[in-house]
Amino acid sequence: MADIQANFMDSQANGFWVVEMEVNGKSKVAGLLAAVKSDGWDTDAGNAPSLEVFQLVVSFSQRRKGLGTQLVETAVEFCKEQGLSRVIVEISSPQTTAISLFCKLGFIVTSVNSNTHANHLVSKLARINVIRMEKHL
Ligand SMILES: CC(C)(COP(=O)(O)OP(=O)(O)OC[C@H]1O[C@@H](n2cnc3c(N)ncnc32)[C@H](O)[C@@H]1OP(=O)(O)O)[C@@H](O)C(=O)NCCC(=O)NCCS
């Protein structure tokens, strides 16, 4: 994520979208979504290239106004334009808001596992899982 230019903008297959808002005459970032082309995730559906939503966040003050939905819908459209057949996302189980959002947009849960990036013991004690969701286009 650190080098946005190199990791997202220099590759046509990747996407980085920012929602900007004008607040008191100043431009503020209200939300962003970053997505990368993934060449192969082993799933039951095969190993077709897909678009992976890598980062999605909407600022606290702008939540529940449809921005998250618009960002994900934009990524789905981009995925179609790129000729890719599915969008995938991994969400940790406490992120219930994000899970609701992706469900609402037609994503389905394809796997649940306990291999989180966070400290393994903490995740295990807190029963945090990684939920993979996919939308086939
Ligand atoms: C997840 C997130 C991006 C949603 O953004 P948002 O702009 O508030 O989402 P939307 O307004 O488009 O909401 C779409 C749907 O998500 C669900 N949702 C959003 N906020 C919710 C809340 N507080 N409680 C329950 N469901 C919620 C609802 O299903 C909602 O549809 P509805 O308003 O018709 O009921 C935002 O909450 C966020 O940045 N969370 C922290 C980061 C995160 O979890 N990122 C996802 C990692 S992949």
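In this convention, every chain numbers its residues from 1, walking through the sequence in written order. The model is predicted, so local features are restricted to residues of pLDDT at least 70 and side-chain atom pairs to those at 80 or more, both for listing and for counting; the totals for chains, interfaces and linings are taken over all residues.

**As for the sheet that holds strand 2 (residues 26-38)**
Pairing between the strands of a sheet comes from backbone hydrogen bonds, and it takes one of two forms, parallel or antiparallel.
Point 1. The strand order across the open sheet built from six strands is 1-2-3-4-6-5, with neighbouring strands paired in mixed fashion. With one partner strand each, in any of the chains shown, strand 1 (15-23) and strand 5 (108-113) form the two edges of the open sheet. With direction set aside, neighbouring strand axes in the sheet form an average angle of 25°.
Point 2. The sheet contacts of helix 2 (residues 67-81) involve strand 1, strand 2, strand 3 (50-58), strand 4 (86-92) and strand 6 (130-136), and relative to strand 2 the element is tilted by about 40°.
Point 3. By the criterion used throughout, residues are in contact when their C-beta atoms, derived from the backbone, lie within 7 Å. Structural elements are reduced to axes, namely lines fitted to C-alpha atoms, with helices fitted over the stretch in contact, and the angle between N-to-C directions of any two is expressed from 0 to 180 degrees. Numbered from the N terminus, helices here are DSSP runs of H or I no shorter than four residues, and strands are runs of E no shorter than two. Helix-sheet contacts for helix 3 (residues 96-104) involve strand 3, strand 4 and strand 6, and the interaxial angle to strand 4 is about 160°. Being paired, for any two strands, means DSSP has found at least two bridges between them.

**A closer look at unusual backbone geometry**
Generally, phi is negative for residues other than glycine and the peptide bonds are trans, each holding for most cases.
Point 1. Residue Asn24 is not a glycine yet carries a positive backbone phi of 50°.
Point 2. Within the element layout of this structure, Asn24 appears in the loop between strand 1 and strand 2.
Point 3. Classification of Asn24 by C-beta neighbours within 10 Å gives exposed; the count is 5. Around each residue's C-beta, the other C-beta atoms within 10 Å are counted; 20 or more make the residue buried, 12 or fewer make it exposed, and counts in between make it partly exposed. All C-beta atoms are placed from the backbone.

**Examining the nonpolar core**
Point 1. To define a nonpolar core, we join buried Ala, Val, Leu, Ile, Met, Phe, Trp, Tyr and Cys residues through C-beta atoms within 7 Å and take the resulting set. With 18 residues, the main nonpolar core has Leu33, Ala35, Val53, Ala75, Val87 and Val89 as its most contacted residues.
Point 2. When residues of this core are traced back to their parent elements, those giving at least two are strand 2, strand 3, helix 2 and strand 4.
Point 3. A total of five residues in this core trace back to one element, the largest contributor, which is helix 2.
Point 4. Leu33 has contacts with Trp17, Val53, Gln55, Leu56, Leu71, Val72 and Ala75, leaving out every residue within four places of it along the chain.

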